[in-house]
Structure formats: structure tokens, C-alpha cells
Amino acid sequence: MSIFVKTFGGTRVIKDGDFVNARDWPSQKAFALFRYLVFRRNEEVSVEEIYNLFWEGMDDTFAKSNLNTTLHIIRKTTGITSEELFVKGDLCCFFPGDKITIDADIFEECHRNLMKTTSDTEREKLLKKMFEIYTGPFLIEDIFVEWIQEIREIYESWYSDVLKELFKLYLAKKDYDAALEMVNAYFQREPYDEDMYYKAIEVLLKKGDITRAKRVYDRLSSHLMEIGIKPRLKFDDFLSKRSSEFMLNGNEAIVVDEKLFEKFLFLESRRREKSFVLVEVKLTDKSINTEDVSQKVAFHLRKGDVITFSGETIRILFHCPEQRRPTMEKRVVNTLEKIGLKKGQYEIS
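So, here is what we can say about the structure in this document.

Thresholds, definitions, all that
Residues numbered from 1 in each chain as written. Predicted model: local features only at pLDDT ≥ 70, side-chain atom pairs only at ≥ 80, totals over all residues. Heavy atoms only, no water. Helix = DSSP H or I, 4+ residues; strand = E, 2+ residues; numbered from the N terminus. Buried < 20%, exposed > 50% of the residue type's maximum accessible area, 1.4 Å probe, protein only. Polar contact = N/O pair within 3.5 Å; in protein donor to acceptor, adjacent residues only side chain to side chain. Contact = heavy atoms within 4.5 Å. Pairing = 2+ DSSP bridges. Lys, Arg positive; Asp, Glu negative; His and termini not counted. Salt bridge = Lys/Arg side-chain N within 4 Å of Asp/Glu carboxyl O. Expected span 1.5 Å × (residues − 1). Arc of directions from axis to C-beta. Phe/Tyr/Trp six-rings, centres within 6.5 Å; stacked < 30°, edge-to-face > 60°. Lys NZ or Arg CZ within 6 Å of the ring centre and 35° of its normal. Axes fitted to C-alpha atoms, helices over the stretch in contact; angles between N-to-C directions. Parallel < 35°, antiparallel > 145°, perpendicular 65-115°, else oblique. Left-handed = near helix turned anticlockwise from the far one by under 90°.

### Quick notes on unusual backbone geometry
Working note: non-glycine residues mostly have negative phi, and peptide bonds are mostly trans.
And then number 1: If you check the backbone angles, D16 has positive phi at about 50 degrees while not being a glycine.
And then number 2: Tracing the sequence through the fold places D16 in the loop between β2 (12-15) and β3 (18-20).
And then number 3: Since its relative accessible area comes to 48%, D16 is described here as partly exposed.

### Points about the side chain of T7
And then number 1: With respect to the helices, strands and loops of the structure, T7 is situated in the loop between β1 (3-6) and β2.
And then number 2: Only 2.6 Å separates the side chain of T7 from the side chain of D103, close enough to count as a polar contact.
And then number 3: Beyond its immediate sequence surroundings of up to four residues, T7 is in contact with V38, I102, D103, A104, P137, F138 and L139.

### Quick look at the pairing of strand β5 (residues 85-88)
Regular strands have side chains that alternate between both faces of the sheet.
And then number 1: For β5 and strand β6 (residues 91-94), the ladder comprises 4 bridges, and the chain directions are antiparallel. Note that in β6 the partner of V87 across the bridge is C92.
And then number 2: Connecting the antiparallel pair β5 and β6 is a turn made up of 2 residues, with G89 showing a positive phi of about 65 degrees.

### A closer look at the side chain of R152
And then number 1: Counting through the fold element by element, R152 comes out in helix α6 (residues 149-172).
And then number 2: Among buried charged residues, R152 stands out as having no salt bridge; its nearest opposite-charge side chain is E156, 5.0 Å away.
And then number 3: Within the structure, R152 has its side chain in polar contact with the backbone oxygen of F138 (distance 2.9 Å).
And then number 4: In this structure R152 touches P137, F138, L139, I140, D142 and I143, once residues within four positions along its chain are discounted.

### Focus: helix α4 (residues 103-116)
And then number 1: With 14 residues, α4 should cover 20 Å at 1.5 Å per step; its first-to-last C-alpha distance of 20 Å lies within 8% of that length.
And then number 2: All buried positions along α4 are accounted for by D103, A104, F107, C110, H111 and L114. The arc that holds the buried residues of α4, viewed along the axis, is 120 degrees, so those residues lie on one side.
And then number 3: The inward-facing, buried residues of α4 abut β1, β7 (100-102), α5 (120-133) and α6.

### So, the packing of aromatic side chains
And then number 1: The final tally for this structure, using the stated rule, is 22 aromatic pairs.
And then number 2: The interplanar angle of 65 degrees and the centroid separation of 5.9 Å between the aromatic rings of Y36 and F54 together place this pair among those described as edge-to-face. Here F54 lies in helix α2 (residues 47-54) and Y36 lies in helix α1 (residues 28-39), a separation of 18 residues in the sequence. You'll find Y36 and F54 in the same group, each marked buried.
And then number 3: When the centroid spacing of 6.1 Å and the interplanar angle of 40 degrees are considered together, the rings of F86 and F95 count as tilted.
And then number 4: Members of the aromatic cluster, joined through ring pairs, are F8, F107, F131, Y134, F138, Y155, W158 and Y159.
And then number 5: The ring centre of F31 lies 4.5 Å from the NZ or CZ of R35, which sits over that ring.

### A few points about the environment of D24
And then number 1: Its location among the elements puts D24 in the loop between β3 and α1.
And then number 2: Separated by 12 residues in sequence, D24 and R12 place their C-alpha atoms 9.8 Å apart.
And then number 3: Separated by 2.8 Å, the side chain of D24 and the backbone nitrogen of N21 make a polar contact.

### Description of the sheet that holds β5
Paired through backbone hydrogen bonds, the strands of a sheet run either parallel or antiparallel to each other.
And then number 1: Reading across the sheet, the 3 strands line up as β4-β6-β5 and stay open at both edges, with antiparallel pairing between neighbours. Because the sheet does not close on itself, it has two edges, and the strands there are β4 (44-46) and β5. This sheet shows a mean twist of 30 degrees between the axes of neighbouring strands, independent of strand direction.
And then number 2: As paired elements, β4 and β6 share 3 bridges and run antiparallel to each other.

### Structural notes on the packing of helix α7 (residues 176-189) against helix α8 (residues 194-206)
And then number 1: With their axes 10 Å apart at the nearest point, α7 and α8 run at an angle of 150 degrees to one another. On the basis of their axis angle, the class for α7 and α8 is roughly antiparallel. The handedness of the crossing between α7 and α8 is left-handed. In this structure, α7 contributes Y176, L180, V183, Y186 and F187 to the contact, and α8 contributes M196, Y197, A200, V203, L204 and K206.

Next up, the structure:
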């Protein structure tokens, strides 16, 4: 018997072509425990942990009996054997055999291979496979429970990256319809990514669809208004230039007040994988105006970086992995020297 467990966008089991949907389970407790054990697959889970989650406050004797009965229901409903799903002493285990396939395992394997491959063809194949697999949040039935949040956010982050990469891939192939499909799905997950909106607008203008381009711009404006800022560019800027290279590849960083800067930091900190570097510059020469320095530094940094200032301190938010901190600090030093500051006039942390 072949068993396929679908975990994205609604949990379902497909055994030898027959679907087992949520409503087909004779016990919702069994369905809930099944989802938890799928999440904890290939682990040895303490039965005490399961008792506390599913039979909290119940005497261990009765909880043990309920666990055994519920595992029997899971096996009978899914076709999973007692060699794959069992209790061993004080441990409950679900070790999927060769005949059991779980879509989350395929998703993870594709991501691992994606990180290693140097082949463009293989990369495209893996991206498309991940796009096909991810049809919604992981174990969506448990949308509010704490134990699922971390892995769900990781999967969502990977999927956002897939959409972004496929958008670039289709754009390079001039398959604008496919590119727009990817970017629209991306916007549902990352509504504040200004650069991606600008790229989508460019695609629509290349297709001659000014009306849709304007709608995308208005959508961007609405989302940015939620966090108290306006788009860097006006829609007329797109229409007045034959090429929007300057918009897509950037001109300079932006300088914002502290309150807005903290909002940017908050949004970045919510990401599961840290993708920013915060550099602080303290001006030790009090005769130097921090606002003037901030504006001059912004001119030399890239679009997407964010700067704020207060007192003698300037803070710069770079959108890049933490391991690039030494490079970013060196860039700040070089920039400060370009605008005329000497090493004794500032400190970097």
C-alpha cells in the first residue's frame, strides 16, 4: 500500500489513490494527534508530552488507554502499520516507512538541493516543484497552536523566496504572464516589498497595460500608508522614463524619523531567518550635524537601506544576512571618509 500525506493547505491522506479528508476521520482527536505526530515524525516523543497536550489533567492510566485507542484509529484510518506508528515504553514514535511519502519532506529536500545546486536547469526544476507542493500553510487545522508556529514560518519564508526567484526566472525569459502570477502570489505574503511592486509595474508597462500598472501602484500606496510612509516614486516617474533601471537597481538609501525606523526594525525582526544588519555610528565631534551626515551617507548607500538619527547617533539598517556585518561596517567607514569625516570623529558599533 502506498500512502501520501498532504500537509500544505489542508491535511489529507491518500492511500492507494483513495482520499481520506478531515470529515472522513471517525475521531477528530485521532486526526489532531495524527497531525501532531506528522509534525514530530522521525522523533521519539514522550508519552507524557502527548498526555499533557491531548488529555490534560487525566490520570495517566486512562490517558495511556486513550492514547493506545487513538493510535489504533489512526492506523485503521490511514493504513499506517504498527511498525511505523507505535509506543515503546514511555515514548511514542512515528517513523514513516518507504511506502509513506509526506509532502513536507519533499519540500525540505527540494530546499536542501536548491541551496547546493549550481545548475540553472536543476534550480528551475526545484523551484517549480516547491511551488507545486506548497498549496497553503503547513497543517492549517492547527493554525493557532504554539508548537507549529516556528516550522510553519520557515516554510512560508521558503515559499516567499520561491515566488521571488520564479518571478525573476520568468522575467528573464520574457514570460510576463507567468512572472505576474508569481509576483501577485508574492504580494499576498509580502505586502510591503516596494521593490517588487516597482518591478511588477515595469512588467505591466512593458505589456502596455497602464491601467493594471496603476492599480498595482495604488495597492502599494495603500499598504505603505498602513505603516505611515509613501512610495519613493510617483506613478508618473514610471511613465516619464523609457527605462526604469534607476528604479529597479536603486539610487540611494532613505532617511526616516526614529518612530518609522523602529517600525522597519519590527517588521524585519518578525522574519524567522535574520536578514538585516544594524550598524550604529556615534559622532564624537559634537560640532558635526547628524542630520547633514545622515543625508550625505544616504546618497552613497543603496536603495533599500534605511537610516535614522538622534542626538549624536546615526543608525543604519542594511537588508542583508548577519554574516555580512564586517562588509557593511567597512562600507560605512568608507562612506564616512568619502564625505570628509576622519576616524577620530566617530565610533562604529
